[in-house]
Amino acid sequence: SLLNEAEKKFPDNYQPNIEKALLYNNHELYESALVEQLKAKKKGAASEQFYEEIATSYGRIGDDKNALKIYEESYDKFYKSKNIYDNLGWMYFKIHNTKKGIDIVNEGLKKYPESSDLLMTLGTLYSDIWDYERSKKNYLDSINSSYNDFKSNSFRAICYYNVAILEHSFLYYENAFN
């Protein structure tokens, strides 16, 4: 293919690998995409977005531990964006390292105090350790902040759904209607 020829002609250039990874991702060939992304990374491709793409590829093949490693590397290497705090918090939730997730999201909230995404992730993390009050507070704060973040109604619906699950889990059925 043309991209394989470009890679042979310019072996130190990571762009052909990135393009191949995009093609593989578009066809849901995530393992092949990951191979190309890792080649590009080895050749010097580096940005928060690119690292997020690698972590997403790991996640799509069910390798959450390596996805987390990439997010941690991104956290250490790049500007601390809302996304990196949120992605790290979510990955810590997925691997059941809830305390670390809570800590990283709280760190992010010091920098981005009105982030509806971070607040929702924090609500999820607190629900994981059965802290009803903090979980509910963060879900509701997320809903309130979502209007400033210009989030869609579907975002708020997910938050409300999470609150309903929380109420159900704690047998506070009457609160689900409030």
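As a reminder, the structure under discussion sits directly above these lines.
My aim in this report is to walk through the structure given alongside it, one point at a time. On a predicted model such as this, the values are computed, not experimentally measured, just so you know. (Residues numbered from 1 in each chain as written. Predicted model: local features only at pLDDT ≥ 70, side-chain atom pairs only at ≥ 80, totals over all residues. Heavy atoms only, no water.)

**A look at unusual backbone geometry**
Across the chain, the bulk of peptide bonds are trans and the bulk of non-glycine residues have phi less than zero. Look at histidine 96: it is not a glycine, yet its phi comes out positive at around 65 degrees. Residue histidine 96 is classed as exposed on the basis of its relative accessible area, which comes to 64%. One non-glycine residue, tryptophan 130, adopts positive backbone phi at about 60 degrees. Here tryptophan 130 lies in the loop between helix H8 (116–128) and helix H9 (132–146). (Buried < 20%, exposed > 50% of the residue type's maximum accessible area, 1.4 Å probe, protein only. Helix = DSSP H or I, 4+ residues; strand = E, 2+ residues; numbered from the N terminus.)

**A closer look at the pattern of salt bridges**
Overall, the coordinates contain 10 salt bridges when judged by the stated rule. We note a salt bridge from glutamate 5 to lysine 8, for which the minimum N-O separation is 4.0 Å. One end of the pair, glutamate 5, and the other, lysine 8, are both in helix H1 (residues 2–9), three residues apart, so they sit about a helical turn from each other. Note that glutamate 36 is salt-bridged to lysine 20, the shortest N-O span being 3.6 Å. Note that glutamate 36 is positioned in helix H3 (residues 30–42) and lysine 20 in helix H2 (residues 15–26), a separation of 16 residues in sequence. (Salt bridge = Lys/Arg side-chain N within 4 Å of Asp/Glu carboxyl O.)

**Here we look at the side chain of aspartate 64**
Along the chain, aspartate 64 falls in helix H5 (residues 64–77). For aspartate 64, a relative accessible area of 19% gives the class buried. For aspartate 64, the side chain forms a polar contact with the side chain of lysine 94, separated by 3.5 Å. In this structure, aspartate 64 is in contact with Gly59, Met91, Lys94 and Ile95, ignoring residues within four places of it in sequence. (Polar contact = N/O pair within 3.5 Å; in protein donor to acceptor, adjacent residues only side chain to side chain. Contact = heavy atoms within 4.5 Å.)

**Describing the packing of aromatic side chains**
Tallying each qualifying case throughout the model produces four aromatic pairs. Taking the centre distance of 6.0 Å and the plane angle of 70 degrees together, the rings of tyrosine 75 and tyrosine 85 count as edge-to-face. With tyrosine 75 in helix H5 and tyrosine 85 in helix H6 (residues 82–94), this pair connects stretches of sequence that are 10 residues apart. The class for tyrosine 85 is buried, based on a relative accessible area of 4%. Relative to tyrosine 112, the ring of tyrosine 85 lies with its centre 6.4 Å away and its plane at 65 degrees, an arrangement referred to as edge-to-face. Of this pair, tyrosine 85 sits in helix H6 while tyrosine 112 sits in the loop between helix H7 (98–111) and H8, placing them 27 residues apart in sequence. Across the pair, tyrosine 112 and tyrosine 85 agree in class, each one buried. One aromatic cluster is present, built from ring pairs that chain together Tyr75, Tyr85 and Tyr112. Positioned above the aromatic ring of tyrosine 79 is the side chain of lysine 111, whose terminal nitrogen or guanidinium carbon lies 4.0 Å from the ring centre. Note that lysine 151 overlies the ring of phenylalanine 155, its terminal NZ or CZ placed 5.4 Å from the centroid. (Phe/Tyr/Trp six-rings, centres within 6.5 Å; stacked < 30°, edge-to-face > 60°. Lys NZ or Arg CZ within 6 Å of the ring centre and 35° of its normal.)

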